[in-house]
Amino acid sequence: MFTTITFASILPEVLILLLAILIFIVEPFWKAEQRRNTGWLTAGGLLAAIVLSLLFGQPGEPQTTFGGMIRFDWLGFFFKLLFMFAGAATALLFMDNEKIGQRGEAYLLLLASLLGMNLMAVSADLVMLYLSIETTSIPLYVLSGFMLKDKKSTEAGFKYLLFGALASAFMLYGFSLVFGFTGTTNLYQLVEMFQVGSLSVAAAFGVLALILVGLGFKVSIVPFHFWAPDVYEGAPTPISGFLSTASKAAGFAVLVRLFFIAFPQFAASWTLTLAILSAITMTVGNLLTLQQTNIKRLLAYSSVAHAGYAMIGVVAFTKLGVTSVIFYLAAYILTNLLAFGVVMAFSRVSGVDEIKDFAGMSRRNPWLALMMLTAFLSLAGMPPFGGFVAKVFVFAAGVEAGYVWLVFVGIINSIIGVYYYLNVMKYVYLYRMPNEDEEKHPIPLTRPYALTLAVLAIGVILIGTVFAPWFGWSDAAALTLF
Amino acid sequence: MNFPVLSVITFTPMVAALIILMMPSHRRNETRAVALASATFALLLSVWVYFSYDQATGGYQFIEKYNWLPMLGISLHFGVDGMSAPLVLLTGVVMFTGVLISWGDEDPHVKAGIQDRPREFFAFLFLLAGGVFGVFVSLDLFMLFFFYEIAVFPMYLLIAIWGWVVTREYAAMKLTLYLFVGSVVSLVGALAMYWVQYQNTGVLSFDMLVMEKAGFSQAFQIAWFLPVFLGFAVLGGIWPFHNWSPDGHVAAPTAVSMFHAGVLMKLGAFAALRVGIMLLPEGAKYWSWLIMTFAGIAVVYGAYIAFVQTDMKYMIGFSSVSHMGLVMLGLSTLNQNGLTGAGVQMFSHGVMTALFFAVTGMIYDRAHTRMIPELGGMMKIMPFAGVGFIIGGLVSMGMPGFSGFVAEFPIFMGVWQTQWLVAVIASISIVITAAYIMINIRKVFFAELPEKLHGHVGDITVLDKIAIVTLCLLMVGLGLFPGLMVPMVQTGVENILRLLGGA
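### As for the overall build of chain A
Each helix and strand in chain A was counted, giving 20 helices and two strands. Expected size for 482 residues packed as a compact globule is a radius of gyration near 23 Å; at 21 Å, chain A falls within 12% of this value. Along the three orthogonal principal directions, the C-alpha set of chain A runs to about 75 × 55 × 40 Å.

Here it is in structure tokens:
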């Protein structure tokens, strides 16, 4: 049965695929110096895909298509839009990175991974879920190790591959146990199978733990975060940005759907587990961030901490909780892309990425410094930037569900966060270059950087001030789970 | 009345900050002119609000309400009452005078005011000012927090970048962390109130006028009053959480010290009143003895520490702790006299301390020292600054005829009604204050000009003089005509008493 609904449910993926094919055809005919234009093509194509999906691919009543493989609802749709936006921004940030910007295959790999993420967000079946997770991960392994002559990049790619393979093996084992216990792989049928009461709590807990290893790796919660700093530091910076935003959000999309749809009966056991993991993740992530001297490692550890904050919304197990997670991820994706984008724009000119090298940056390029301020204050949870509202919503959900202790842990952690984020801004605004000759070392921004960073910065401020529309969308997405 | 004056006041500084950021960085005087123009505009509007507030009607006026996120009951709900209208005026005044004295003197021998990157300075300062206006006029708890945080974080940059080289990094970080801890602790309390109200009434709303009627149980109020009140009171400089404040004052550039002591500390006291006392009145009654103890200690202890300082800025910083202690003391009485006094004292102290810091900044910029023993003879060099400082000093001592008397007298009356012993102990501070102010005036302004300062110390600029005159006129005017402010504050107090009595 192939109806318009069936088609609409995978419209964004079809468009991404068409875009990939187009790049595949066009790119070889371009001269080497034109190849970077693939970035414009990718970003433009993705934005067109977003617009077309909004026009023709909006979900109505939640439906399951493709024989129970895909769930067509607002939850998946909103995440898809976020991923494609993040993909477009990443493609633009690729362009002026000498090592990957002129290589068409980098853009193709990005699109392939994006395809996987989109499917992750809508998978309604464990088989589909596993396939889409792998489709997402494998191109990212390659992209992380893309700079073959750079030892750190190679290490990053290999490390990511090893950890990723291990984690997905655990998850696959968990999936197979679920199938063994219930005889079905469809998420929406699992609920009924569990209701029959064929599974003891202990067994269910074991299964959930196995699955959590795989997803915990994707969203990098402690103790499955070990890969993140090394990979973020070694991988090309645009990839680090993509990994820490879209890839993490995709993990959350799966986490939310899986735990709310398939295992609500065991909520009591897994919400407490997740609450403890969330507290540990925030605390460990933040304490480790304190000692970092490299900006990419700092962002890596802080992104671990942010996974912990977002988790508070999952723990709350309410509609507001899910809404706040989605809102948090939307704000976080924009903010962290902006942060990585600024780092990229800076390192491209200066060639360094230690925190102390940022000294005097506000005199070298005041606008870039302002955008960095926007990103870091938003990460620290200050208004009028997205991070503040997002954090308040997550905390509100936590208090509503009675997890006041968890919210207090979150608050102590955001104070630590304020400290280290402001510490970086101290270098940017207060300290000066060794010879105080910043005027001789300007940081020019190329057009893709200027455009992307400006759009992201405005987006971060918009989410933080005019938050009703984003909240409405997040709410519509959350509604499909209840 | 359809002109949305309160939102225009709130967003004027923010829009001005954006415009200033867009200007090229080498057009320094144009940047300052834009800053001054928008500050004047905000001041005029706040004066207009103050004088067209209808005291006979009372209550909240100039109300604006826009649904911002109806799903969670968040709205942009603005309005001023007799308590907040003077504070809006105060913010306008401090903003205006702060820009005036930051203009400074580009002469390389003087280099007074802000000469390093004035564009960024004014942008951050105005962002802060917008946040302050926002807190004073917000009737929505969520937006109150929103503006409160906006008012806090630019302080870090302002102090760290333009502050006193020796302590600025330490002081800026200390201040930010203290204030952030306080505000997030209050935030959790606010969220708890939000949900309990939802359970009680079934209405999802952050609107404080709705929350007043939420009917929080006594146990709930007692449990959450302290976190909420103290969280905000940290910014009000309440003992024992006052430690960040003098350090911050000392490290901050002059205009920021003025903002910090003049307005930001009121922000803390005001939010503690509006969220702590007005929404949790039973909790306030239960804990008022503790707040009174803390405030009483702050009054005497702050004055004593100020007495032993040799650095003028530290002296004024600790005197702010002492005077803000009086505000807290007034709030803790929960009676009409005390609350009225606290309201007037917020305004009076704001103007007075802004003047103190302005004069100290002028002296420091020209003499390059703030150490009282190293200074002298300033009266001959900068008579305007000297006279201004003396008037400020008289206000600080609570002399009749000046605004300080109008404010402190009712506070002491109110405290006497509640607990006469505290009033007696707190009144010691008046003596100590008189001592350190007199000693300071004698040494800095009238003693012999030290050898080291001969020759290179010049007079202040015209703009500085305008700022001093503006501030002095307000203090003397309020002292001679208390009717300009006291009845207005009383209308605000009536509302608070209604909440305290009705609960």
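### Comments concerning the overall build of chain B
When its secondary structure is counted, chain B shows 19 helices and two strands. In terms of overall size, chain B behaves like a compact globule, its C-alpha atoms giving a radius of gyration of 21 Å where 503 residues would be expected to give roughly 23 Å. Seen through its C-alpha atoms, chain B measures out along the principal axes to roughly 70 × 55 × 40 Å. Each of the 503 residues in chain B was classed as buried or not, and the buried ones make up 61%. Pairs at least 24 apart in sequence give 80% of the contacts found in chain B among residues at least 6 apart.

### Overview of the packing of helix α13 (residues 295-316) of chain A against helix α17 (residues 386-400) of chain A
In a packed pair of helices, the relevant descriptors are the angle between the two axes and the axis-to-axis distance. All names here are of chain A. Close contact between α13 and α17 brings their axes to 8 Å; oriented N to C, the two are set at 35°. For the pair α13 and α17, the sense of crossing is left-handed. Listed contacts from α17 to Y309, A310, I312, G313 and A316 of α13 are K391, V394, A397, G398 and E400. In terms of residue class, the contact of α13 with α17 is built from six nonpolar, two polar and two charged.

### A short note on unusual backbone geometry
The amide bond that connects P383 of chain A to the next residue, P384 of chain A, takes the cis arrangement and shows omega of 0°. Considering the arrangement of structural elements, one finds P384 of chain A in the loop between α16 (366-380) and α17. At the junction of W239 of chain B and P240 of chain B, the peptide bond is cis and its omega measures out at 0° in the coordinates. Secondary-structure assignment places P240 of chain B in the loop between α8 (218-233) and α9 (244-251). Despite not being glycine, F317 of chain A shows a phi value in the positive range, around 55°. Mapped onto the elements, F317 of chain A comes out in the loop between α13 and α14 (319-350). In this structure, F62 of chain B takes a positive phi of about 55° despite not being glycine. Summarising the element assignment, F62 of chain B is placed in strand β1 (residues 61-69).

### Looking at the interface of chain A and chain B
Contact with chain A, which involves 25 residues of that partner, is made by 24 residues of chain B. When residues of the side of chain A that touches chain B are traced back to their parent elements, those giving at least two are α16, α17, α18 (404-429) and α20 (468-479) of chain A. Looking at the side of chain A that touches chain B residue by residue, the classes come out as 21 nonpolar, one polar and three charged.

### Things to note about the pairing of β1 of chain B
Residues and elements named next belong to chain B. In this sheet, strand β2 (residues 74-80) lies alongside β1 in antiparallel orientation, the contact comprising six bridges. The residue of β2 that forms the bridge with Q61 is V80. Turn length for the β1-β2 hairpin, with the two strands adjacent in sequence and antiparallel, is four residues, and the turn residue G73 shows positive phi of about 75°.

### Some thoughts on the confidence of the model for chain A
Confidence in the prediction for chain A averages 89 pLDDT; 99% of positions are at 70 or higher. Ranking the elements of chain A by mean pLDDT puts helix α8 (residues 187-195) of chain A last, at 78, and helix α6 (residues 126-144) of chain A first, at 93.

### A look at the environment of V181 of chain B
Among the secondary structure elements, V181 of chain B is positioned in helix α6 (residues 168-201). The spacing of V181 of chain B and F232 of chain B is 51 residues in sequence and 9.6 Å in space, taken between C-alpha atoms.

### Quick notes on the packing of helix α10 (residues 254-279) of chain B against helix α12 (residues 312-333) of chain B
Residue and element names in this part refer to chain B. Taken N-terminus to C-terminus, the directions of α10 and α12 make an angle of 20°; their axes are 11 Å apart at the nearest point. As the angle between them shows, α10 and α12 are arranged roughly parallel. In this structure, α10 meets α12 at a crossing whose hand is right-handed. Mapping the contact onto sequence places A261, M265, A269, L273 and I277 in α10 and S320, M324, V327, M328 and L331 in α12. Its residues assigned to classes, the contact of α10 with α12 shows nine nonpolar, one polar and no charged.

### Some words on helix α2 (residues 11-26) of chain A
For α2 of chain A, built from 16 residues, the straight-helix expectation of 22 Å at 1.5 Å per residue is met to within 8% by its first-to-last C-alpha distance of 22 Å. Looking only at α2 of chain A, the buried set comprises L11, P12, E13, L15, I16, L19 and A20 of chain A.

### Describing helix α18 (residues 462-480) of chain B
With 19 residues, α18 of chain B extends 27 Å from end C-alpha to end C-alpha; this agrees with the ideal 27 Å at 1.5 Å per step. Where α18 of chain B is buried, its residues contact α3 (84-103), α13 (336-367), α15 (383-397) and α16 (403-418) of chain B.

### Observations regarding the environment of A233 of chain B
Residue and element names in this part refer to chain B. Along the chain, the position of A233 falls in helix α8. Along the sequence, A233 and I19 sit 214 residues apart, while their C-alpha atoms lie 34 Å from each other. When sequence neighbours within four positions are dropped, the list of residues in contact with A233 reads I238, G268, A269, A272 and M328.

### Notes on the confidence of the model for chain B
Looking at chain B, pLDDT values average 87 and 98% of them are 70 or higher. At the level of chain-chain contacts, confidence expressed as ipTM amounts to 0.88, with global pTM at 0.91.

### Describing the environment of P246 of chain B
All names here are of chain B. Relative to the assigned elements, P246 resides in helix α9. Residue P246 is classed as buried on the basis of its C-beta count, with 26 C-beta atoms lying within 10 Å. With 75 residues separating them along the chain, P246 and A171 place their C-alpha atoms 9.0 Å apart. Beyond its immediate sequence surroundings of up to four residues, P246 is in contact with Y314, G317, F318 and V321.

Scoring rules and cut-offs
- Residues numbered from 1 in each chain as written.
- Chains lettered and ligands numbered in written order.
- Predicted model: local features only at pLDDT ≥ 70, side-chain atom pairs only at ≥ 80, totals over all residues.
- Helix = DSSP H or I, 4+ residues; strand = E, 2+ residues; numbered from the N terminus.
- Rg over C-alpha atoms; globule rule 2.2 N^0.38 Å.
- Buried ≥ 20, exposed ≤ 12 C-beta atoms within 10 Å, placed from the backbone.
- Contact = placed C-beta atoms within 7 Å.
- Axes fitted to C-alpha atoms, helices over the stretch in contact; angles between N-to-C directions.
- Left-handed = near helix turned anticlockwise from the far one by under 90°.
- Nonpolar A, V, L, I, M, F, W, Y, C, P; charged D, E, K, R; others polar.
- Pairing = 2+ DSSP bridges.
- pLDDT = per-residue confidence, 0-100.
- Parallel < 35°, antiparallel > 145°, perpendicular 65-115°, else oblique.
- Expected span 1.5 Å × (residues − 1).

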